[in-house]
Amino acid sequence: TGQSGLITRDWLYPLARANLALSPNGQEEAFVKRDAAGVAQIHVRTVGSERSRQITAFTRDSYDPAWSPTGEWIAFVGTNTGNDEIYRVSPDGKTVQQLTFNNFEWDKHPTWSPDGSQILFYSNRETGRRQLWIMKVDGSGQRNYTSDEYEDWDPIWTR
C-alpha cells in the first residue's frame with residue numbers, strides 16, 4: 001500500500017521479529033550460532049530440535065536471518081566485506097548471493113514483502129541517518145523508501 005505504521009503494543013514487535021526467522025510452514029527456523037572460531041553463522045534447524053546445520057561459512061559475523069515467504073531464500077546481514085551488507089542464502093546453504101555493496105555504509109535488518117518479491121531493510125546511505133530502503137529480491141532497484149528527516153530502523157513486513 002505504500003503505508004507504514006507504528007506498532008504501539010509492546011508485545012507485538014518481539015513476536016513479529018521472532019517470526020521473521022521461521023520457514024513459511026513454521027517447521028524450521030533460522031538462527032545465529034557461533035562456530036568453533038567464534039564467528040556468528042546462520043544455522044537452520046527443525047523447530048524444537050537441538051540439531052542444526054550451518055548454512056553460512058563466512059570469516060566474519062552473519063546475523064538477522066529472515067526467511068522468505070516462498071521458502072526459497074533466507075536474507076541476512078553479513079559482515080564478510082567489512083561492512084554490514086544484505087545477502088540471501090538458500091536454506092540448504094548451497095547458494096549465497098550478496099545483494100548490497102557499500103564502501104563504508106551499512107545495511108541491516110532485512111524483512112520480506114508478503115509475496116517474496118522485495119526486501120525492506122534499513123541503511124545509513126546518502127543521509128547518514130537510518131532510513132528504510134527497499135529492493136527487489138535479486139538486489140536490483142534499490143531505493144530509499146522513507147526518505148524523511150527521522151531515524152527509521154528495524155522494519156518488519158507483516159504477512
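Scroll up a little and you will see the structure.
Predicted model, so just to flag it, every value in this text is computed and none were measured. Residue indices follow the written sequence of each chain, beginning from 1 at its first position. Since the coordinates come from a predicted model, pLDDT governs what is reported: local features require at least 70, and pairs of side-chain atoms require 80 or more to be given and counted, while whole-chain, interface and lining totals use all residues. Here the side-chain values reflect all heavy atoms present in the structure, with hydrogen atoms and water set aside.

A. Region of the structure containing the environment of Val-44. You can see Val-44 is positioned in strand S2 (residues 40-46). Here the alpha-carbon distance between Val-44 and Gly-93, two residues 49 residues apart in the chain, equals 9.4 Å. Contacts are assigned to residue pairs with any non-hydrogen atoms lying within 4.5 Å of each other. Leave out the neighbours within four places in its chain, and Val-44 touches Glu-28, Glu-29, Ala-30, Phe-31, Ser-52, Arg-53, Ile-55, Trp-67, Ile-74 and Pro-91. Secondary structure is summarised from DSSP: a helix means a run of H or I of at least four residues, a strand means a run of E of at least two, and numbering begins at the N terminus for each.

B. Structural view of the sheet that holds strand S3 (residues 53-54). The pairing criterion for strands is at least two bridges between them, as found by DSSP. Strand order across the open sheet formed by 3 strands is S1-S2-S3, with antiparallel pairing between neighbours. The sheet terminates laterally at strand S1 (28-34) and S3, the two strands that pair on one side only. The pairing of S2 with S3 spans 2 bridges and is antiparallel. Each bridged residue has a counterpart across the sheet, and for His-43 the counterpart in S3 is Gln-54.

C. Structural view of the packing of aromatic side chains. In summary, the pairing rule links any two rings of Phe, Tyr or Trp, Trp by its six-membered ring, whose centres are within 6.5 Å, and it sorts them by plane angle into stacked for under 30 degrees, edge-to-face for over 60 and tilted for everything else. Using the criterion set out here, one finds 4 aromatic pairs in the structure. With a centroid separation of 5.9 Å and 50 degrees between ring planes, the pair formed by Phe-58 and Phe-76 is classed as tilted. Placement of the pair is Phe-58 in the loop between S3 and strand S4 (62-67) and Phe-76 in strand S5 (residues 74-78), with a sequence separation of 18 residues. Like Phe-76, Phe-58 is buried. Measuring from ring centre to ring centre gives 5.4 Å for Phe-76 and Tyr-87, while their planes differ by 15 degrees; the resulting arrangement is stacked. Of the two residues, Phe-76 is situated in strand S5 and Tyr-87 in strand S6 (residues 85-89); the sequence distance between them amounts to 11 residues. Looking at Phe-76, the relative accessible area reads 0%, which means it is buried. For the exposure calls, accessible area comes from a 1.4 Å probe over protein chains only, and a residue counts as buried if that area is under 20% of its type's maximum, exposed if over 50%, partly exposed in between. For Tyr-87, a relative accessible area of 5% puts it in the buried group. Each member of the aromatic cluster is reached from another via a ring pair, and the members are Phe-58, Phe-76 and Tyr-87. Working rule: Lys NZ or Arg CZ, within 6 Å of ring centre, within 35 degrees of ring normal, means a charge sits over the ring. Directly above the aromatic system of Trp-133 lies the positively charged group of Arg-125, at a separation of 4.6 Å from the ring centroid.

D. Molecular detail of the sheet that holds S5. Within the open sheet, the 4 strands sit side by side as S4-S5-S6-S7. Their pairing is antiparallel. Strands with a single pairing partner mark the edges of an open sheet, and in this sheet they are S4 and strand S7 (96-98). Each neighbouring strand pair of the sheet contributes to a mean axis angle of 25 degrees, computed without reference to strand direction. For S6 and S7, the ladder comprises 3 bridges, and the chain directions are antiparallel. By the bridge assignment, Tyr-87 is partnered in S7 with Gln-98. Axis definition: a line fit to C-alpha positions, over the contact stretch in the case of helices; interaxial angles, taken between N-to-C directions, run 0 to 180 degrees.

E. Representation of the pattern of salt bridges. Between Lys or Arg on one side and Asp or Glu on the other, a salt bridge is scored when a side-chain nitrogen of the former is within 4 Å of a carboxyl oxygen of the latter. Within the structure shown, the criterion is met by 5 salt bridges. Asp-61 is paired through a salt bridge with Arg-34; the nearest N and O atoms lie 3.2 Å apart. On the criterion of sequence distance, the pair formed by Asp-61 in the loop between S3 and S4 and Arg-34 in strand S1 is long-range, its members being 27 residues apart. According to the relative accessible area criterion, Asp-61 is partly exposed, its value standing at 26%. A salt bridge links Asp-107 to Arg-125; the nearest nitrogen and oxygen atoms lie 2.9 Å apart. Residue Asp-107 is located in strand S8 (residues 107-112), and its partner Arg-125 is located in the loop between strand S9 (118-123) and strand S10 (131-136); the two are separated by 18 residues in the primary sequence. Across this residue pair, the class does not change: Asp-107 and Arg-125 are buried.

Just geometry here; none of it tells us what the structure is for.
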